[in-house]
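Summary of the model geometry
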Amino acid sequence: SALAAGQSGGEEGEYQGPQILSRSSAEIGERGGAPIAFRPYADISYVYDNGLLADSVNPQGQLVSAGAQQGISAGFGILGSRRWRFDQLSLEYHGNYTNYTPLSYFNGTSQYLGLNYTHVFSPRWAVTLRENGGITPYSYGELANVPQATPTLNSGVPTNELFDNRTMFSQTGVNFAYQRTRRLSFQFGGDGFLLRRRSAALAGLNGGTGHVDAAYRVTKKQTVSLSFVYAYYDYQKAFGNANTQTLNLGYSATLGRHWNLSLQAGMARANNLGLILVPLDPAIAAIVGPGYTTVVFHPTKYFPTGAATLARSFEH
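In this report, the structure presented in the accompanying data block is examined.

The rules behind the values
Residues numbered from 1 in each chain as written. Predicted model: local features only at pLDDT ≥ 70, side-chain atom pairs only at ≥ 80, totals over all residues. Heavy atoms only, no water. Salt bridge = Lys/Arg side-chain N within 4 Å of Asp/Glu carboxyl O. Helix = DSSP H or I, 4+ residues; strand = E, 2+ residues; numbered from the N terminus. Buried < 20%, exposed > 50% of the residue type's maximum accessible area, 1.4 Å probe, protein only. Pairing = 2+ DSSP bridges. Contact = heavy atoms within 4.5 Å. Patch = residues over 30% accessible without salt bridge, like charges linked within 9 Å, V, L, I, M, F, W, Y side chains within 5 Å. Areas by Shrake-Rupley, 256 points an atom, 1.4 Å probe, with all protein chains shown as cover. Polar contact = N/O pair within 3.5 Å; in protein donor to acceptor, adjacent residues only side chain to side chain. Core = buried A, V, L, I, M, F, W, Y, C linked by side-chain atoms within 4.5 Å.

1. Describing the pattern of salt bridges
Applying the stated criterion across every chain yields a total of one salt bridge. A salt bridge links R130 to D191; the shortest N-O distance between them is 2.7 Å. Highlighted residues: R130 in strand 9 (residues 125-136) and D191 in strand 11 (residues 184-197), separated in sequence by 61 residues. Looking at D191, the relative accessible area reads 8%, which means it is buried.

Laid out in structure tokens, this is it:
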């Protein structure tokens, strides 16, 4: 049979087993877990926002809110997948332009491109190349629904910005799948990403992630998995960097014909290097003037991680 792609793929109509939370659950060019033929589309919307925030402050040092804005957003795109005997190409593109009134400062173009290419070398080996990139001028989660497998694979996608400032991003990755036996499979790979923001006052970001996991199908409807993720973040125009290491244990089960339960829990370790303001001794402050000084800090923190997903699939 064809490569099971880590127990989340297979021949059309073949039982695919329970979804694994640390692996792909929503792919580029798919809807409802099923590939669709390439199709273009267009959209137009009336928008109203009362929380647009520019990266500027008033003379009192307070952030300036733009107040209520309204406008029109028009866009177009294309999405879909194409399968061959040993290859699959998946594409999602969407672009739009938003025109606000009464302020034109927040007018802008959003662009998103998602591209996946998978090649099956043998019944045991497959490789997937990924690309996510685009431009977004807004902070309100416009890209929060980008089809990706896990939050780890969204590290370079700005889904939760602080300011409404144009941000350019790109994330490139590769993933290898190895089907050792009908029950045991492995995946490993990595991503590199960068973010650049229009404002000179806002920091950019370079970084990368590496991941590896193993999954074992205990029964036809139950799978256990173990995954490890390393992520590195290097901040541009600002002193500091960070890295995290996360180890998770997962359990997945198919409940009946349409329901899928996925659980994941583990521990994470975070190292941060940055600057912090600390108060001076009053006697020293009386001599040097300022009551605070800047020092380097390098804390290490441990914290638990967890996730749970209950999903139901429908015919359409």
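2. Some details on the pairing of strand 11
Two strands pair when backbone bridges link them, and strand 10 (residues 167-179) and strand 11 are joined in this way by 13 bridges, in the antiparallel orientation. Among the inter-strand pairings, T167 is bridged to a residue of strand 11, identified as R197. What sits between strand 10 and strand 11 in their antiparallel hairpin is a turn of four residues. By the bridge criterion, twelve bridges tie strand 11 to strand 12 (residues 204-219) in an arrangement that is antiparallel. Across the sheet, the residue bridging to D191 is T209, located in strand 12. Count of turn residues in the strand 11/strand 12 antiparallel hairpin: six residues.

3. Here's the deal with the environment of G240
Considering the arrangement of structural elements, one finds G240 in the loop between strand 13 (222-236) and strand 14 (241-255). Through-space distance from the C-alpha of G240 to that of L275 is 7.3 Å; in sequence the pair is 35 residues apart. G240 has contacts with D234, Y235, L273 and G274, leaving out every residue within four places of it along the chain.

4. A closer look at a nonpolar patch on the surface
Where nonpolar side chains cluster on the molecular surface, the patch consists of F121, W125, F188, V212, L226, F228, Y230, Y232, L247 and L249 and spans about 920 Å² of accessible area. For the nonpolar patch, the elements supplying multiple residues, two or more each, are strand 13 and strand 14. Its place among the elements puts F228 in strand 13.

5. Considering the side chain of S81
In this fold, S81 is placed in strand 6 (residues 69-83). Of the polar contacts made by the side chain of S81, one reaches the side chain of S90; its length is 2.9 Å.

6. Some points on the nonpolar core
Listed in full, the ten residues of the largest apolar core are I28, Y112, V157, F169, F193, L195, L205, A231, Y233 and A242. When contributions to this core are tallied by element, the ones reaching two or more residues are strand 11 and strand 13. The residues touching A242, leaving out its near neighbours within four places in the chain, are A231, Y232, Y233, Y235, N271 and N272. Of all hydrophobic cores here, the second largest spans six residues; its members include V47, Y100, F106 and Y138.

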